[in-house]
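Close look at the chain arrangement
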Amino acid sequence: MINLGILISGRGSNMDAILAAAKAGRMPGVRPAVVISNKPDAAGLRTASEKYGVKTKIVPPEGAKGWDYDRKVVEALEEAGVTPQNGLVCLAGFMRIISPEFVRHYKARILNIHPALLPSFPGLHAQKQAIEYGVKVSGCTVHFVDEGVDSGPVILQKTIPVMEGDSEETLSARILEQEHQVYPEAVRLFSEGRLKVEGRKVRVL
Ligand code: GRF
């Protein structure tokens, strides 16, 4: 059984999609253990506890940076049973860059979702970057987290066309629908031991 920890900072719609899939029995090898937010007012915290009965925890930075902060998150994860042996950590709109120590602690056990086709448009405002660049296709990417920003091995991607007249909002909304499909799917594949990382590449077994 994989103990799942989800890190959020806000709305938590990807978290909701993952928890819904777990509740519906679509990932039987996953036990949602805890949802952690760095922000006390993250709307996703209520969704996690009220809609799904999942334990939540706020870990405020209080000025701590890098590993000084991340070690508190690791403590909260481990308290909930999310360990480097049997855990999976999903970043779902967690608006902090995690430290190399965190990444090494949960080696190959941290996933992230990004609203663009990586390696295009990493970082913030990916949908706006895509519109301003004028690409005709965009989408989303689930990837393993490495020590860079949005640079880890790609697990799954979904594409969608960029329409003439798309705004950041309309494009983001269509990408988000795809995010909600692809993130739970990646978690399921991970829990079934079907993701094999070979250098930069992830083979789906
Ligand atoms: C999503 O667009 C995700 O791709 C990005 O942050 C946003 C989080 O949205 N990393 P939500 O909190 O999951 O609704």
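As the structure is a computational prediction, the values presented were derived from the model and not from experiment. Throughout, a residue's number is its position along its own chain's written sequence, starting from 1. Given that this is a predicted model, residues contribute local features only at a pLDDT of at least 70 and side-chain atom pairs are listed and counted only at 80 or more, while totals for whole chains, interfaces and linings are drawn from all residues. With hydrogens and water stripped out, all remaining heavy atoms of the structure feed into the side-chain values.

1. Points about the sheet that holds strand S1 (residues 2-8)
Under the convention used in this document: Two strands make a pair as long as DSSP finds a minimum of two bridges between them. In DSSP terms, a helix is any run of H or I states spanning at least four residues, a strand is any run of E spanning at least two, and both are numbered starting from the N terminus. Axes here refer to lines fitted to C-alpha atoms; in helices the fit is confined to the stretch in contact. Angles between the N-to-C directions go from 0 to 180 degrees. Residue contacts are defined here by distance: any two heavy atoms, one from each residue, within 4.5 Å place the two residues in contact.
One open sheet holds the 7 strands; their spatial order is S3-S2-S1-S4-S5-S6-S7, and the pairing between them is mixed. Both edges of this open sheet fall to strand S3 (56-58) and strand S7 (154-161), since each of them pairs with a single strand only. Strand after strand, the sheet turns through a mean of 20° between neighbouring axes, direction not considered. The sheet contact formed by S1 and strand S4 (residues 87-91) spans 5 bridges and is parallel. Looking at the pairing, leucine 4 lines up with leucine 88 of S4. This element, helix H1 (residues 13-23), spans S1, strand S2 (30-37), S4 and strand S5 (110-114) of the sheet and lies at about 160° to S1. The sheet strands contacting helix H3 (residues 66-79) are S1, S2, S3 and S4, and the helix crosses S2 at an angle near 150°.

2. Some remarks on the domain arrangement of the protein chain
Under the convention used in this document: For the domains described, the bounds stem from an automatic or database domain assignment. Two parts placed together each lose some accessible area under a 1.4 Å probe, and adding up what both lose gives the buried area. Salt bridges are defined as contacts in which a side-chain nitrogen from Lys or Arg sits within 4 Å of a carboxyl oxygen from Asp or Glu. Pairing of N or O atoms within 3.5 Å defines a polar contact, subject to two protein rules: one partner must be a possible hydrogen donor and the other a possible acceptor, and residues neighboring in sequence count only if both atoms are side-chain atoms. The nonpolar class holds Ala, Val, Leu, Ile, Met, Phe, Trp, Tyr, Cys and Pro. Asp, Glu, Lys and Arg form the charged class, and all remaining residues, Gly among them, are polar.
When the domains of the protein chain are assigned, the result is domain 1 (1-107) and domain 2 (112-205). Distance from the C-alpha centre of domain 1 to the C-alpha centre of domain 2: 19 Å. At the interface, 22 residues of domain 1 touch 16 residues of domain 2. At the boundary of domain 1 with domain 2, total buried surface from both sides reaches about 1,600 Å², with 72% on carbon and sulfur atoms. Remark: the boundary between domain 1 and domain 2 carries 1 salt bridge. Taken together, the connections running from domain 1 to domain 2 amount to 4 residue pairs in polar contact (both at pLDDT 80 or more). For the side of domain 1 that touches domain 2, the secondary structure elements donating two or more residues are H1, S4 and helix H4 (100-105). Sort the elements by how many residues they give to the side of domain 1 that touches domain 2 and H1 lands first, with 5 residues. In terms of residue class, the side of domain 1 that touches domain 2 is made up of 15 nonpolar, 4 polar and 3 charged.

3. A look at helix H6 (residues 168-191)
Keep this limit in mind: Every helix has an expected span of 1.5 Å times one less than the residues it contains. Note that the bend at a residue is defined as the angle between axes fitted to the seven residues ending at it and the seven residues starting at it.
Taking 1.5 Å of rise per residue, the 24 residues of H6 would be expected to cover 34 Å, and the 33 Å separating its terminal C-alpha atoms lies within 8% of that figure. At glutamate 179, H6 is bent by approximately 25°, the largest bend along its length. One or two steps after H6, the chain reaches glycine 193, where phi turns positive at roughly 70°.

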